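# Residue-level structure breakdown
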Amino acid sequence: MSDIFYLVTALAFFGISIAYVKGCEKLRGGSHD
Amino acid sequence: MTAFGILQLALYAGLLFLITKPLGSYMARVFQGEKTLLSKPLGGLERATYRLLGIDPNRDMKWTEYAIAMLVFSLASLVFTYAALRLQGVLPLNPQHYTTKQMTPDLAFNTAVSFTTNTNWQAYSPEVTISYFSNMVALAIHNWASAAVGIAIAIAVIRGFARKSASGIGNFWADTVRCTLYVLLPISLLGALVFIALGVPQNFDPYLTVTTLEGAKQTIALGPVASQEVIKQLGTNGGGIFNANSSHPFENPSGIANFFTLLLIWSIPAAITYTFGKMVGNTKQGWAVLGAMAALGLAGILICTSAEQAGTSHLHAAHIETAATALQSGGNMEGKEVRFGIPSSALFATVTTGASCGAVNSMHDSYTPLGGLVPLFNMLTGEVIFGGVGAGLYGMLMFAILAVFIAGLMVGRTPEYIGKKIEKFEVQMAMLATLVLAASVLLGAAVVSVIDLPKEGAWAFLNTWPGSAYGGADSVYGATANNVNNSGAHGFSEMLYAFASATGNNGSAFAGITANTPFYNVLLGLAMLVGRFLMIVPLLAMAGALAKKAAVPVTSGTFPTDNATFTALLVGVVLIVGALTYFPGLALGPIVEHFQLQALATH
């Protein structure tokens with residue numbers, strides 16, 4: 001597999017991680033502190 | 001244990017505790033932006049770095065900003081390393097002329113991920129694969145950066161407990177720069193000089209070819225070893241300059257170098273517990289956490305050393321001397337350096353896996369089943385037995401949240417920790433971090449235990465080792481069971497260990513797996529990414545939520561978390577979570593292997 005595949009894989013993982021940050025923040029918004 | 005083993009352990013523990021308070025106190029001053037001895041000589045460099053990068057170190061970040069800055073920084077440094085590794089053939093400091101032939105795209109991905117995540121899993125032999133430039137720039141940069149990021153995250157989590165009604169948890173860039181300049185740099189400079197004095201080489205010479213006593217030709221690999229060795233150990237990175245890692249005489253030339261290495265590995269993870277206590281205003285809180293780490297660490301050292309010292313029934317049956325004498329270590333010496341013997345090897349194995357370092361001075365695959373169980377269990381705890389720099393503390397604080405939650409359930413009170421009410425969201429985040437690790441280890445090990453990849457056709461490359469890059473022939477494995485040297489329980493242990501090591505960001509190998517194939521490089525690479533970042537994010541979210549809370553006054557009903565009772569509870573929670581989650585896996589691997597060995601001895 002080519003360089004592009006691995007770079008896209010890395011980008012996709014970090015994209016998902018940023019979505020994960022947003023998801024955790026959304027969950028916090030739904031809970032009281 | 002032998003008298004030497006006990007003496008060495010006592011000296012090690014004594015020196016470690018002596019380091020903890022001054023280093024922890026110093027780190028607290030650094031991260032709170034107070035003046036230190038190094039403020040004058042390094043302050044200019046710190047300010048210049050901020051100016052160059054356009055950073056306002058006083059700008060407080062919300063947890064989401066902190067997390068995204070960390071992710072962006074990690075992605076950028078990962079891509080840089082990937083590119084530098086793939087381009088090593090046209091970059092300088094490459095006297096052996098290594099190219100993309102050795103550094104294939106999947107190996108570059110695995111290696112870049114590995115060093116970015118502080119794992120330093122090496123699916124390759126460094127001395128026949130990568131140039132000095134790759135070693136010193138592409139990889140060593142992460143030995144600093146990934147360690148600094150881990151410590152910065154721990155400091156941000158500490159601020160979550162320390163701050164009251166605050167919206168931010170610090171500045172990621174300032175924390176990372178301060179850690180690099182004031183903590184890692186001075187210790188590394190001094191440590192490198194110590195290693196050079198102890199006989200570790202530091203040069204850019206081409207490899208030497210010498211004639212051995214038997215008349216054979218041997219190539220001796222060299223390089224800038226001392227400067228990399230120190231940050232490799234101090235930053236709990238663990239990636240070897242040589243394939244034999246810390247059993248190589250150029251990385252670890254003597255018993256004293258071995259002892260110094262052990263001190264480097266646990267120094268920051270121990271000291272940061274004091275930093276935690278100092279920053280939350282009660283150093284006893286830090287000692288309670290350190291107590292739990294030390295109790296778990298000591299238990300592992302005693303079990304591992306005793307198992308290795310006892311040897312196996314097969315060694316006894318073969319009339320091999322297993323009792324220690326003045327001239328030899330006795331016990332199970334397979335895979336161990338004669339220079340280090342049983343005590344220094346077993347201590348190293350426990351320390352390096354407890355700390356998410358991953359450097360090895362012996363082959364863990366050769367340990368007795370119970371001796372090998374200890375390094376494996378250490379990693380499966382989520383690397384909290386001292387743990388990686390920073391990572392050990394934030395992992396242990398995750399368990400502390402679970403401990404006070406369980407204690408709260410038992411007495412029917414809302415749990416509190418360091419003056420903060422622990423509510424639904426904090427427990428959700430702690431559980432998310434725990435479950436992500438377990439899912440990565442168990443699913444990964446399960447998949448590679450059963451998957452049957454094609455041995456022929458267009459997809460055969462997936463599980464092919466590129467032997468032609470090293471002057472041999474490619475090996476097409478097909479089913480993943482073919483990549484392991486051993487069948488049965490030991491083979492399963494090798495697979496479980498690989499995913500525990502990758503997910504725990506440890507990087508040590510049980511050996512026995514040929515992991516440099518596209519399939520393993522991608523799967524283990526993803527396990528490293530999940531183990532690092534999908535654990536950090538919920539812990540930062542927890543820190544953000546805690547920082548916003550007001551302090552709860554201590555009352556007669558507050559469960560104290562700064563005493564030995566809490567330490568015991570914390571140890572219990574780590575053991576119970578570890579046992580409940582991983583016992584089936586351990587039972588199929590080292591535990592069943594232990595009983596198989598016993599059964600063979602009695603027939």
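All of these numbers come straight from a predicted model, not from anything done at the bench.

Parameters at a glance
- Residues numbered from 1 in each chain as written.
- Chains lettered and ligands numbered in written order.
- Predicted model: local features only at pLDDT ≥ 70, side-chain atom pairs only at ≥ 80, totals over all residues.
- Helix = DSSP H or I, 4+ residues; strand = E, 2+ residues; numbered from the N terminus.
- Buried ≥ 20, exposed ≤ 12 C-beta atoms within 10 Å, placed from the backbone.
- Rg over C-alpha atoms; globule rule 2.2 N^0.38 Å.
- Contact = placed C-beta atoms within 7 Å.
- Expected span 1.5 Å × (residues − 1).
- Nonpolar A, V, L, I, M, F, W, Y, C, P; charged D, E, K, R; others polar.
- Axes fitted to C-alpha atoms, helices over the stretch in contact; angles between N-to-C directions.
- Parallel < 35°, antiparallel > 145°, perpendicular 65-115°, else oblique.
- Left-handed = near helix turned anticlockwise from the far one by under 90°.
- Core = buried A, V, L, I, M, F, W, Y, C linked by C-beta atoms within 7 Å.
- Pairing = 2+ DSSP bridges.
- Bend = angle between axes of the 7 residues up to and from the residue.
- pLDDT = per-residue confidence, 0-100.

### Section: the overall build of chain A
Within chain A one finds one helix and zero strands. Counting the 33 residues in chain A, one finds 21% classified as buried.

### Regarding the overall build of chain B
Within chain B one finds 17 helices and six strands. Against the compact-globule benchmark of 25 Å for 603 residues, chain B has a radius of gyration of 24 Å, which places it among compact chains. Within chain B, the proportion of its 603 residues that are buried is 56%. Summarising the internal contacts of chain B: among those between residues at least 6 apart in sequence, 77% fall at separations of at least 24.

### Observations regarding helix H5 (residues 132-162) of chain B
Its 31 residues give H5 of chain B an end-to-end C-alpha distance of 43 Å, which sits within 8% of 45 Å, the value for a rise of 1.5 Å per residue. Most of H5 of chain B is tucked away: 26 of the 31 residues are buried.

### Re the interface of chain A and chain B
Tallying the contact residues gives 18 residues for chain A and 27 residues for chain B. Looking at the side of chain A that touches chain B residue by residue, the classes come out as eleven nonpolar, three polar and four charged.

### Quick notes on the packing of H5 of chain B against helix H8 (residues 255-279) of chain B
All names here are of chain B. Axis separation between H5 and H8 bottoms out at 9 Å; the angle between their running directions is 30 degrees. Between H5 and H8, the angle falls in the class roughly parallel. As H5 runs across H8, the sense of the crossing is right-handed. Across from Ile151, Ala154, Ile158 and Ala162 in H5, the residues of H8 making contact are Ile272, Phe276 and Met279.

### Here we look at the nonpolar core
Residues and elements named next belong to chain B. If you look at the biggest cluster of nonpolar residues, it comprises 183 residues, and the most contacted ones within it are Ile153, Phe399, Ala400, Ile401, Leu539, Leu540 and Ala543. The leading source of residues in this core is helix H16 (residues 518-548), at 21 residues. Ignoring sequence-local partners within four residues, the contact set of Leu540 consists of Trp63, Tyr66, Ala67, Ile153 and Ala156.

### Observations concerning the pairing of strand S2 (residues 217-220) of chain B
All names here are of chain B. Pairing analysis gives four bridges linking strand S1 (residues 208-211) to S2, with the strands arranged antiparallel. Paired with Thr211 across the bridge in S2 is Lys217. Counting the residues between successive antiparallel strands, the hairpin from S1 to S2 contains five residues, one of them, Gly215, with a positive phi of roughly 90 degrees.

### A look at helix H1 (residues 3-31) of chain B
Residue and element names in this part refer to chain B. Helix length check: H1, at 29 residues, gives a terminal C-alpha distance of 41 Å against a target of 42 Å (1.5 Å per residue), a fit within 8%. Thr20 marks where H1 bends most, by close to 30 degrees; the proline Pro22 follows one to four residues later. Taken together, the buried positions of H1 are occupied by Gly5, Leu16, Thr20, Gly24, Tyr26, Met27, Ala28, Val30 and Phe31. On the buried face of H1, the contacting elements are H5, helix H6 (172-197), H8, helix H9 (283-310) and helix H11 (341-354). Two residues or fewer after H1 comes Gly33, characterised by a positive phi angle close to 70 degrees.

### Section: the confidence of the model for chain B
When pLDDT is averaged along chain B, the result is 94; 100% of the residues meet or exceed 70. For this predicted complex, the interface confidence comes out at an ipTM of 0.93, alongside a pTM of 0.95.

### Remarks on the packing of H1 of chain B against H8 of chain B
All names here are of chain B. It is the contact of H1 with H8, at a shortest axis distance of 7 Å, that shows an interaxial angle of 50 degrees. Comparing the axis directions of H1 and H8 gives the class oblique. Between H1 and H8 the crossing geometry is right-handed. Contacts from Tyr12, Leu15, Leu16, Ile19, Thr20, Lys21, Leu23, Gly24, Ser25, Met27 and Ala28 in H1 reach Leu262, Leu263, Trp266, Ser267, Ala270, Ala271, Ile272, Thr273, Tyr274, Thr275, Lys278 and Met279 in H8. Broken down by class, the residue content of the contact of H1 with H8 amounts to 15 nonpolar, six polar and two charged.

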